[in-house]
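# Descriptive analysis of the structure
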Amino acid sequence: MNTRARLRSGLEALSIDNADNVAEQLLRYRSLLQQWNQVHNLTAITDDADIVTHHFLDSLAVLPHIKGTRVLDFGTGAGFPGLPLAIARPGLELTLVDSNQKKTRFLQQVVTTLGLKNTEIVHARIEQFQPAAKFDTLVTRAVASLAEQLALCQHLLGEATTLLAMKGDPSAAELEALPPGFYIIEVVPLRVPGLDAGRCLVHIEKTES
Ligand code: SAM
């Protein structure tokens, strides 16, 4: 199966609306990623098919779990999971934060080239980021342990905010090491089309005070 067909079939398996248009946008994003990656080290995943499964479809598998419209992806790197979410769901308002300026420059270029109106790129350390309004959902992938992530972003978590941390196979020790004031609602297995590796989503909220 060629890359376009693999992407198209993955989008269908994930029930993504407007799949033709989403696939076109993602393929343009992939070209920019491969182009920039020749000069800047943005991602270790460079193969056409792997970008589709490990980056695009993996990011989109989280879509049914997003709550509300204001979504923050911190430690987004080359835009995962935030940018595929913004492309697939124009009704979401995405803010993508990373402390690495070459990555946020790349992301700004993708947003401009694809004409994405629902995505803001912020170059900042998350612990210093002070948004004007709270987010409905914070989503992360491969940023740090759960306890470290919560320490970095606790100023952004209100009682109505959901944190969704994408993980491979978190250990019991990691799941049990949450700081006081937070609890795990559920650990949801994620099925990513074309990817055999174990993936899951840890859903965390703040306890009511
Ligand atoms: N989420 C992306 C993915 O799954 O492909 C990137 C993961 S990469 C391993 C971690 C990213 O977190 C890096 O791009 C790094 O610059 C960023 N990062 C680490 N600490 C950060 C902080 N305190 N604030 C914002 N970004 C941070």
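Position labels on residues start from 1 in each chain and follow its written sequence. Local features in this predicted model are restricted to residues of pLDDT 70 or higher, and side-chain atom pairs are both shown and tallied only at a pLDDT of 80 or more, whereas totals for entire chains, interfaces and linings draw on every residue. Hydrogen atoms and water are omitted, and side-chain values are computed over all heavy atoms in the structure.

To continue, consider the packing of aromatic side chains. Each Phe, Tyr or Trp ring, with Trp reduced to its six-membered ring, pairs with another whose centre is within 6.5 Å; inter-plane angles below 30 degrees give stacked pairs, above 60 give edge-to-face pairs, and intermediate values give tilted ones. In this structure the tally under the stated criterion is six aromatic pairs. Centre to centre, the rings of Tyr29 and Phe80 are 5.6 Å apart; their planes meet at 20°, and the pair counts as stacked. With Tyr29 in helix α2 (residues 19-37) and Phe80 in the loop between β1 (70-74) and α4 (82-88), the pair connects residues that are 51 residues apart, well separated along the chain. Three exposure classes are used, based on accessible area relative to the maximum for each residue type with a 1.4 Å probe and protein chains only: buried under 20%, partly exposed in between, and exposed over 50%. Taking the relative accessible area as the measure of exposure, Tyr29 reaches 0% and is therefore buried. Judged by its relative accessible area of 4%, Phe80 falls in the buried class. For a lysine, the NZ atom is tested; for an arginine, the CZ atom; a charge sits over a ring if that atom is within 6 Å of the ring centre and within 35 degrees of the ring normal. In this structure, Arg70 is placed above the aromatic ring of Phe135, and the distance from its NZ or CZ to the ring centre is 4.5 Å. Numbering of helices and strands runs from the N terminus; a helix is a DSSP stretch of H or I covering at least four residues, while a strand is a stretch of E covering at least two.

Residue position: Thr119 is located in strand β3 (residues 119-123). Polar contact is defined as a pair of N or O atoms within 3.5 Å, subject to the rule that within protein one atom must be able to donate a hydrogen and the other to accept it, and that residues adjacent in sequence are counted only when both atoms are side-chain atoms. A polar contact of 3.0 Å, which involves the side chain of Thr119, links it to the side chain of Asn118. We call two residues contacting when some pair of their heavy atoms lies within 4.5 Å. Each residue touching Thr119, except ones within four places of it in the same chain, is listed here: Leu83, Ala86, Leu94, Leu96 and Val111.

For β1, a buried count of four out of five residues is recorded, marking the element as mostly surrounded by other parts of the structure. At least two DSSP bridges between two strands are required for those strands to pair. Where β1 and strand β2 (residues 93-98) come together, five bridges link them in parallel fashion. Each bridged residue has a counterpart across the sheet, and for Phe74 the counterpart in β2 is Val97. One crossover worth recording links β1 to the parallel β2 by way of α4, and it is right-handed. Pairing geometry for β1 and strand β4 (residues 137-141), over three bridges, is parallel. Note on β4: the bridge partner recorded for Asp73 is Val139. Here is how to tell: hold the view so the strands point away, follow the path from the first strand over the helix to the second, and if it runs clockwise the crossover is right-handed.

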